[in-house]
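Residue strings, one per chain:
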Number of protein chains: 2
Amino acid sequence: MTNVDLNPIGYVSSPYKKKEDAPRQGRLTDTEAEIVIDERYLPGLFRVEEKKHLFVLCWFDRSDRTVLRVTPPHKPVEHGVFATRSPNRPNPISLSLVDVINITGGTIRVRGLEALDGTPVLDIKPYSEEIDCPK
Amino acid sequence: MTNVDLNPIGYVSSPYKKKEDAPRQGRLTDTEAEIVIDERYLPGLFRVEEKKHLFVLCWFDRSDRTVLRVTPPHKPVEHGVFATRSPNRPNPISLSLVDVINITGGTIRVRGLEALDGTPVLDIKPYSEEIDCPK
């Protein structure tokens, strides 16, 4: 699957400007960030304001895609990247559950997003307890 | 972000051969499927067998990427695609929470994957209640 065009639907506006600023997991902090949706994708936001929690998928463009084994900071034992949430992985697509604070035009203000400022956003999905939680 | 190379890490082997076969949400069925990981990514699977639940991200290559509004079958009101889990969206990356049945070599047998046979797999992440569930 060479040369698939990913079209970012928007970008993250975040207080985290570089890797050293970012928390291990945004979910564990109260920091707020914004997702700025590109004008041409605004019709896709219809009724998103009815959702409390969203999954945000970003393209971690500053990741190392060659890494297959990592030693997580909180569990200092080597793991395959697919057993961790490391940003370094063959396809660095991040998955963050965020709380929606408000939506103004094409800007979604959220809590819990661990992404550097300027990170491309690929997709937004509503969280559903029915399908996203183990039974 | 034109022409990002997505490198599938493997493919889905599933009883669902075409769109009409697939359930609305795999999570709601007991159907089993397999994820066959490409040989060069096998080191990334180290310790995945310790996980009970995984998020599987696939590239829904048979989706319509031009759709921005849909009317979900279970809630017949128009929504923006980002307020739904429709497979049709600008970047058709699916997100499925699956239960791991077993792992044999590079084959992960799972329950709850809603993906057609042959669908490219982009990423696998361990489910973490701490970061993937609303507080």
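- Per an unreviewed UniProt entry, chain A goes by the name S-adenosyl-L-methionine-binding protein and belongs to Methanoculleus sediminis.
- Looking at the Sequence similarities (unreviewed entry) heading of the UniProt record, one finds this comment for chain A: "Belongs to the tRNA methyltransferase O family."

Some details on the overall build of chain A
Reasoning step 1: Tallying secondary structure elements over chain A gives one helix and eight strands in all.
Reasoning step 2: In terms of C-alpha radius of gyration, chain A reaches 15 Å, essentially the compact-globule figure of 14 Å for 135 residues.
Reasoning step 3: Oriented by its inertia axes, the alpha-carbon framework of chain A measures out at about 45 × 35 × 35 Å.
Reasoning step 4: Here chain A, with 135 residues, has 53% of them falling under the buried criterion.
Reasoning step 5: For chain A, the accessible surface area stands at approximately 5900 Å², while carbon and sulfur atoms represent 49% of it.

Points about unusual backbone geometry
Residues and elements named next belong to chain A.
Reasoning step 1: Backbone geometry places Arg 47, a non-glycine residue, at a positive phi of 75°.
Reasoning step 2: Positionally, Arg 47 belongs in the loop between β2 (32-37) and β3 (53-59).
Reasoning step 3: You can call Arg 47 partly exposed: its relative accessible area is 22%.

Let's talk about the sheet that holds strand β8 (residues 120-126) of chain A
Reasoning step 1: Here we have six strands rolled up into a closed barrel, ordered β1-β2-β7-β6-β3-β8 (chain A), and antiparallel in their pairing. Averaged over all adjacent pairs, the angle separating strand axes in this sheet is 45°, with direction ignored.

Things to note about the relation of the copies chain A and chain B
Reasoning step 1: With an RMSD of 0.0 Å, chain A superimposes on chain B once it is rotated by 180° and translated 0.0 Å along the axis. What the superposition gives is, in effect, a two-fold axis relating one chain to the other.
Reasoning step 2: Comparing contact sets, 100% of the residues at the interface of chain A also lie at the interface in chain B, consistent with an isologous, same-surface contact.

So, the interface of chain A and chain B
Reasoning step 1: With 61 residues of chain A at the interface, the matching set in chain B holds 61 residues.
Reasoning step 2: Between chain A and chain B, roughly 6000 Å² of surface is buried when both sides are summed, and carbon and sulfur atoms account for 58% of that area.
Reasoning step 3: Its salt-bridge partner being Asp123(A), residue Arg89(B) comes within 2.8 Å of it at the nearest N-O pair.
Reasoning step 4: At the boundary of chain A and chain B, one finds 26 residue pairs in polar contact (both at pLDDT 80 or more).
Reasoning step 5: Per element, the largest residue contribution to the side of chain A that touches chain B is six residues, and it comes from β8(A).
Reasoning step 6: Looking at the side of chain A that touches chain B residue by residue, the class counts come to 31 nonpolar, 12 polar and 18 charged.

Side note on the pattern of salt bridges
Residues and elements named next belong to chain A.
Reasoning step 1: In the structure shown here, the tally under the stated rule is 22 salt bridges over all chains.
Reasoning step 2: Close ionic contact of Arg 109 with Glu 34 constitutes a salt bridge, the shortest N to O distance being 3.0 Å. One end of the pair, Arg 109, is in strand β7 (residues 107-111); the other, Glu 34, is in strand β2, with 75 residues separating them in the sequence.
Reasoning step 3: Of the charged contacts in the structure, one is a salt bridge between Lys 125 and Asp 123, with a shortest N-O distance of 2.9 Å. When sorted by exposure, Lys 125 lands in the same class as Asp 123, which is buried.
Reasoning step 4: Through salt bridges with shared partners, a single ionic network connects Glu 32, Glu 34, Arg 109 and Arg 111.

Focus on the environment of Ile93(B)
Reasoning step 1: On the secondary structure map, Ile93(B) appears in strand β6 (residues 93-104).
Reasoning step 2: For the pair Ile93(B) and Asp123(B), spaced 30 residues apart in sequence, the C-alpha to C-alpha distance is 10.0 Å.
Reasoning step 3: Sequence-distant contacts of Ile93(B), that is, excluding residues within four places in its chain, are made with Leu57(A), Ile93(A), Leu122(A), Asp123(A), Lys125(A), Leu57(B), Cys58(B), Trp59(B) and Leu122(B).

With respect to the confidence of the model for chain A
Reasoning step 1: Scored by pLDDT, chain A comes out at a mean of 91, with 93% of its residues at no less than 70.
Reasoning step 2: Across the whole predicted complex the pTM is 0.94, and at the interface the ipTM reaches 0.93.

What to know about empty space enclosed by the protein
Gaps left between atoms show up when a probe the size of a water molecule is rolled over them.
Reasoning step 1: Applying the stated rule across the entire model yields three cavities of 30 Å³ or more.
Reasoning step 2: Space inside the largest cavity adds up to approximately 90 Å³.
Reasoning step 3: Lining the largest cavity are 12 residues, and of these Lys125(A), Arg85(B), Ser94(B), Leu95(B) and Glu114(B) lie nearest its centre.
Reasoning step 4: The leading source of residues in the lining of the largest cavity is β6(B), at three residues.
Reasoning step 5: Within the lining of the largest cavity, the residues separate by chemical class into six nonpolar, three polar and three charged.

Procedures and definitions
- Residues numbered from 1 in each chain as written.
- Chains lettered and ligands numbered in written order.
- Predicted model: local features only at pLDDT ≥ 70, side-chain atom pairs only at ≥ 80, totals over all residues.
- Heavy atoms only, no water.
- UniProt positions renumbered as here; feature names shortened; annotations may be inferred.
- Helix = DSSP H or I, 4+ residues; strand = E, 2+ residues; numbered from the N terminus.
- Rg over C-alpha atoms; globule rule 2.2 N^0.38 Å.
- Buried < 20%, exposed > 50% of the residue type's maximum accessible area, 1.4 Å probe, protein only.
- Areas by Shrake-Rupley, 256 points an atom, 1.4 Å probe, with all protein chains shown as cover.
- Pairing = 2+ DSSP bridges.
- Axes fitted to C-alpha atoms, helices over the stretch in contact; angles between N-to-C directions.
- Least-squares fit on C-alpha atoms with pLDDT ≥ 70 in both.
- Contact = heavy atoms within 4.5 Å.
- Buried area = accessible area lost by both parts, 1.4 Å probe.
- Salt bridge = Lys/Arg side-chain N within 4 Å of Asp/Glu carboxyl O.
- Polar contact = N/O pair within 3.5 Å; in protein donor to acceptor, adjacent residues only side chain to side chain.
- Nonpolar A, V, L, I, M, F, W, Y, C, P; charged D, E, K, R; others polar.
- pLDDT = per-residue confidence, 0-100.
- 1 Å grid on protein atoms, 1.4 Å probe; cavity = no way out; pocket = protein on both sides within 12 Å on 5 of 7 lines; lining within 4 Å.
- Points joined across faces, edges and corners; volume = space filled by probe spheres on them.

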